[in-house]
Amino acid sequence: MGKLGEAGLAATAGPARTLGMEGECRASQARSWGLPAGGAGGDSPGGDAPLPGSISSSSLLQAEVLDLDEDEDDLEVFSKDASLMDMNSFSPLMPTSPLSMINQVKFEDEPDLKDLFITVDEPESHVTTIETFITYRIITKTSRGEFDSSEFEVRRRYQDFLWLKEKLEEAHPTLIIPPLPEKFIVKGMVERFNDDFIETRRKALHKFLNRIADHPTLTFNEDFKIFLTAQASEFSSHKKQGPGLLSRMGQSVRAVALSMRGVKSRPEEFMEMNNFIEIFSQKINLIDKISQRIYKEEREYLDEMKEYGPIHILWSASEEDLADTLKSVASCIDKCCKATEKRMSGFSEALLPVVHEYVLYSEMLMAVMKRRDQIQAELDSKVEALTSKKADTDLLTEEIGKLEDKVECANNALKADWERWKQNMQNDIKSAFTNMAEENILYYEQCLATWESFLTSQTDLHLEEASEDKL
């Protein structure tokens, strides 16, 4: 475990200067600033700086992330990788909403003022004739003007969280939506509704909502606001709105067809992103597997160590001359057991959830890239149809123009959110492994002090007995 803690120090990064906001496409943004629409070479409001979204592909990714040995037995799972060490500033697109601009624009000397606080607590079991499910209380406190009150309290079940995630993906297809915990039973869990499972899910749902609240764009999503504020009947009515079943089926079939078709020429920067995601997914899954294995072995070690204390107490009853020494050994073992339990608690609460969350993030990233490719594939198909003149050229030209704007918006949103996500990932992983390393150091110091105290007392006792024998 010491190596894992040490390894986490490799995931370092400097302070972020990025805002990480999704905005309108570059052409629309230029118009909102009163500037001519154009590409990366257009002038920005600040002078010679390029418009947001013009970051070069080479600044996105420079090397492989989380460079692990292929051998799972090697716990030195990180390397000091350039892609994790070097974060380049990126100026994302400014939203056109004045309220969004007020809340999202940050200056370097301005403190990060949070205006939305969400708590998920008090899980409650519900049993009906059809199903059994758990709801969670969600308390929201805010100072935002668009909310009707400063505090709200609602109850939501897991399916409601799934609905919110789907609505966010629908509204922002190329933003990186925080992952939800798995729907089904976590590996190793026997009872679906036992206290440990419910508490683990509650913490994950709490983090899910707070990550959305901290996101510069998702936090202003209307469905997110309704999720936090609407009471049961209003929320149920809102969920029923939207496209019907046939419409959703048509969209799904269309998306599958586009994904099967693929893209002809993915831009180089997104090729690099995709390579990064594939490598990251492999490495973080391996780290998750190793972490789970270490936790299991530590649990077995603790269970075995707990048996030695009572054994030494029983032994002391049959060895009168060694009774005090054996009882002291039992006391030391008991102290080490408590220290081990504390360390394992920190391991399971601070490290394992962070690593597993980024396993889920890797799956989300792949889905985001797939949605981006689908948008580009739709544009490619229209361009191909126009080239072959298989349809009305005027109509196709108009559709192509709209799709070009859509692709540009999607690309700019992903590039801006990508930088924000990378910064958060580096901070989270660095913090988790650094904290775990500190916990390990404290644990070994406590155990060492316990046994050194025992040895010192035994040495003093033997010296005292030796001096008495001489007298």
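On a predicted model such as this, the values are computed, not experimentally measured, just so you know.

> Just give me the short version of the overall build of the protein chain, but keep the residues and values in it.
Helices and strands together make up the secondary structure of the protein chain, namely twelve helices and five strands. Here the protein chain holds 471 residues, and 43% of them are scored as buried. A separation of at least 24 residues holds for 75% of the contacts in the protein chain among residues at least 6 apart in sequence. Accessible area of the protein chain: about 25500 Å², with a carbon and sulfur share of 53%.

> Give a description of the environment of Lys338 that names residues and reports values.
Inspection of the secondary structure assignment puts Lys338 in helix H11 (residues 323-388). Of the residues examined, Lys338 reaches a relative accessible area of 54% and is grouped as exposed. Taking C-alpha positions, Lys338 is 9.4 Å from Leu302, a pair spaced 36 residues apart along the chain.

> I'd like a rundown of the nonpolar core, residues and numbers included.
If you look at the biggest cluster of nonpolar residues, it comprises 32 residues, and the most contacted ones within it are Ile118, Ile138, Phe161, Leu164, Leu209, Phe224 and Phe227. Contributions of two or more residues to this core are made by strand S3 (116-127), strand S4 (132-142), strand S5 (151-157), helix H5 (158-171), helix H6 (195-214) and helix H7 (222-229). If near-sequence neighbours (up to four positions away) are discounted, Leu209 is found in contact with Ile118, Val120, Ile138, Phe161, Leu164, Phe224 and Phe227. In terms of nonpolar packing, the next biggest core, distinct from the first, is built from 30 residues, Leu286, Val355, Trp418 and Trp421 among them.

> Can you break down the confidence of the model for the protein chain residue by residue, with the values?
Model confidence for the protein chain is summarised by a mean pLDDT of 76, while 68% of its residues fall at 70 or above. Low pLDDT, under 50, characterises residues 1-111; the stretch is placed with 239 contacts to residues that sit more than four places away or in other chains. Throughout residues 186-190 the model reports pLDDT below 50, and contacts reaching past four residues in sequence, or to other chains, amount to four contacts.

> Talk me through H5; I want residue IDs and the actual numbers.
Since the α-helix turns once every 3.6 residues, residues separated by three or four places project in the same direction. Between the first and last C-alpha of H5 there are 20 Å, a value that for 14 residues agrees with the 20 Å anticipated at 1.5 Å per step. Of the residues making up H5, those classed as buried are Tyr158, Asp160, Phe161, Trp163, Leu164, Lys165, Lys167, Leu168 and Glu169.

> Account for the sheet that holds S5, naming residues and giving values.
Ordered by their spatial adjacency, three strands build an open sheet running S3-S4-S5, and the pairing between neighbours is antiparallel. In this open sheet, the two edge strands, each paired with only one partner strand, are S3 and S5. Here the strands of the sheet are splayed against their neighbours by 20° on average, with no regard to which way each runs. Judged from the ten bridges that link them, S3 and S4 form a sheet pairing that is antiparallel. Across the sheet, Val120 pairs through a bridge with Ile138, a residue of S4. Of the strands in this sheet, S4 and S5 are in contact with H5, which crosses S5 at around 105°. Along the sheet, H7 contacts S3, S4 and S5; its crossing angle with S5, the most-contacted strand, is approximately 95°.

> Run through the pattern of salt bridges, naming residues and quoting values.
Close approach of charged atoms allows side chains with opposite charge to pair. In the structure shown here, the tally under the stated rule is 19 salt bridges. Residues Lys165 and Glu169 are paired through a salt bridge, measuring 3.0 Å at the closest nitrogen-oxygen approach. Here Glu169 and Lys165 lie together in helix H5, a separation of four residues that amounts to about one turn. Among the ionic pairs, Asp417 bridges to Arg420, the shortest N-O distance being 2.9 Å. Taken as a pair, Asp417 and Arg420 lie in helix H12 (residues 393-470) at a separation of three residues, close to a single helical turn. By relative accessible area, which is 13% here, Arg420 ends up buried. Salt bridges sharing common partners tie together Lys207, Arg211, Glu357 and Asp428.

The rules behind these values
- Residues numbered from 1 in each chain as written.
- Predicted model: local features only at pLDDT ≥ 70, side-chain atom pairs only at ≥ 80, totals over all residues.
- Heavy atoms only, no water.
- Helix = DSSP H or I, 4+ residues; strand = E, 2+ residues; numbered from the N terminus.
- Buried < 20%, exposed > 50% of the residue type's maximum accessible area, 1.4 Å probe, protein only.
- Contact = heavy atoms within 4.5 Å.
- Areas by Shrake-Rupley, 256 points an atom, 1.4 Å probe, with all protein chains shown as cover.
- Core = buried A, V, L, I, M, F, W, Y, C linked by side-chain atoms within 4.5 Å.
- pLDDT = per-residue confidence, 0-100.
- Expected span 1.5 Å × (residues − 1).
- Pairing = 2+ DSSP bridges.
- Axes fitted to C-alpha atoms, helices over the stretch in contact; angles between N-to-C directions.
- Salt bridge = Lys/Arg side-chain N within 4 Å of Asp/Glu carboxyl O.

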